Structure formats: C-alpha cells, structure tokens
Amino acid sequence: MPSPVRPGLVVSPGLTIPRAELTERFSRSSGPGGQGVNTTDSRVELTWDLQASAVLSEEQLRRLTERLGHRLTGGVLTVVASEHREQRRNRDAAARRLAALVADALAPGPRARKATRATRGSQERRLTAKRQRSDTKRLRSSRPGRED
C-alpha cells in the first residue's frame, strides 16, 4: 500500500518501484454503485513499463519478462482493479495486486529434485505384498488355478 513516507510501491525489502514509473488510468466501472456508477471513474488500470524501469537489475528484468511474458504487452505490465465502489480503494487494490505479482515472479523457483534409488528393503516389501495380493485373488477365484 502506498505510504506518504515512502515515495513508491514496496514490492520487497530490496525493491521499491518509484511512483514516477507507475501510470494510473481511471474509467467507469461496471457492477454495484447505483446511479453513481454512471458518473464516477472508479475502475483503475495501473501500468508499469518494465523495459524503461531504472530500479530493475538485468537478472530481475530477465526473470520478470520470462515469468510474466503472457501478461506483458510491449514490455508493459498492466493490473486492473474494479471490485470496489471507491476509486481510492481500487487504487490500493491495484497497487497490492501489482506488488504481489512482481514479488511472486521475482521469487526463486523450487529446488531441483535430486534423483534417488529405492532401497532394497522397500523393493522386497513391495514385491512380497504383490505376491500376497496375487495369492489372495487366486484363492478367491471359482476356477481351479494352477498349482505350482
């Protein structure tokens, strides 16, 4: 959420997007609001140009374009908020959504799984259980089975 002390949108402790790099556009929103919905521009579009940003390192820019590529239009990330009746609340919601989106995209991926082998004991237990199950099913059968 924007605060008067910090002149930007805090994404993480190491990254704050300056307010000068964010662009807000307002339009009429559908949904609840009665007569006011036709006269108030409460829908908010918050855009951030990643390519022109001065706060991103090369690695951060690469990771964001890789992970958010489907949401980018010409290197610009757009977030829309129109769930509230008040413009101020929609502005805060859009800012929170943008910060969460960027923070998730910058987070490191899951650790790679290290391939392991099943232990000899676990393999033997599995095969023993399979043999027991097979014997149980064979004994249930009405047909006489082969006797080994």
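Scroll up a little and you will see the structure.
Everything in this summary refers to the structure shown in the same document. Just so you know, these numbers come straight off a predicted model, no measurement behind them.

Rules and cut-offs
Residues numbered from 1 in each chain as written. Predicted model: local features only at pLDDT ≥ 70, side-chain atom pairs only at ≥ 80, totals over all residues. Heavy atoms only, no water. Salt bridge = Lys/Arg side-chain N within 4 Å of Asp/Glu carboxyl O. Helix = DSSP H or I, 4+ residues; strand = E, 2+ residues; numbered from the N terminus. Buried < 20%, exposed > 50% of the residue type's maximum accessible area, 1.4 Å probe, protein only. Pairing = 2+ DSSP bridges. Contact = heavy atoms within 4.5 Å.

### Topic: the pattern of salt bridges
Okay, so step 1: Scanning all chains against the criterion turns up eight salt bridges.
Okay, so step 2: For E45, the salt bridge goes to R25, with nearest N and O atoms at 3.6 Å. On the criterion of sequence distance, the pair formed by E45 in strand β4 (residues 43–49) and R25 in strand β3 (residues 22–27) is long-range, its members being 20 residues apart.
Okay, so step 3: Among the residues examined, E45 registers a relative accessible area of 15% and is labelled buried.
Okay, so step 4: Using a relative accessible area of 53% as the deciding quantity, one classes R25 as exposed.
Okay, so step 5: A salt bridge links E59 to R62, with the nearest nitrogen and oxygen atoms 2.5 Å apart.

### What about the sheet that holds strand β5 (residues 72–73)?
Okay, so step 1: Strand order in the open sheet formed by four strands is β3-β4-β6-β5, and the pairing between neighbours is antiparallel. With one partner strand each, in any of the chains shown, β3 and β5 form the two edges of the open sheet.
Okay, so step 2: One ladder, built from six bridges, connects β3 with β4; its direction is antiparallel. What sits directly across from T23, in β4, is T47.

### Examining the environment of V102
Okay, so step 1: Structurally, V102 is set in helix α2 (residues 87–106).
Okay, so step 2: For the pair V102 and R63, spaced 39 residues apart in sequence, the C-alpha to C-alpha distance is 10.0 Å.
Okay, so step 3: Setting aside its immediate chain neighbours within four residues, V102 contacts V11, L15, W48, L64 and L77.

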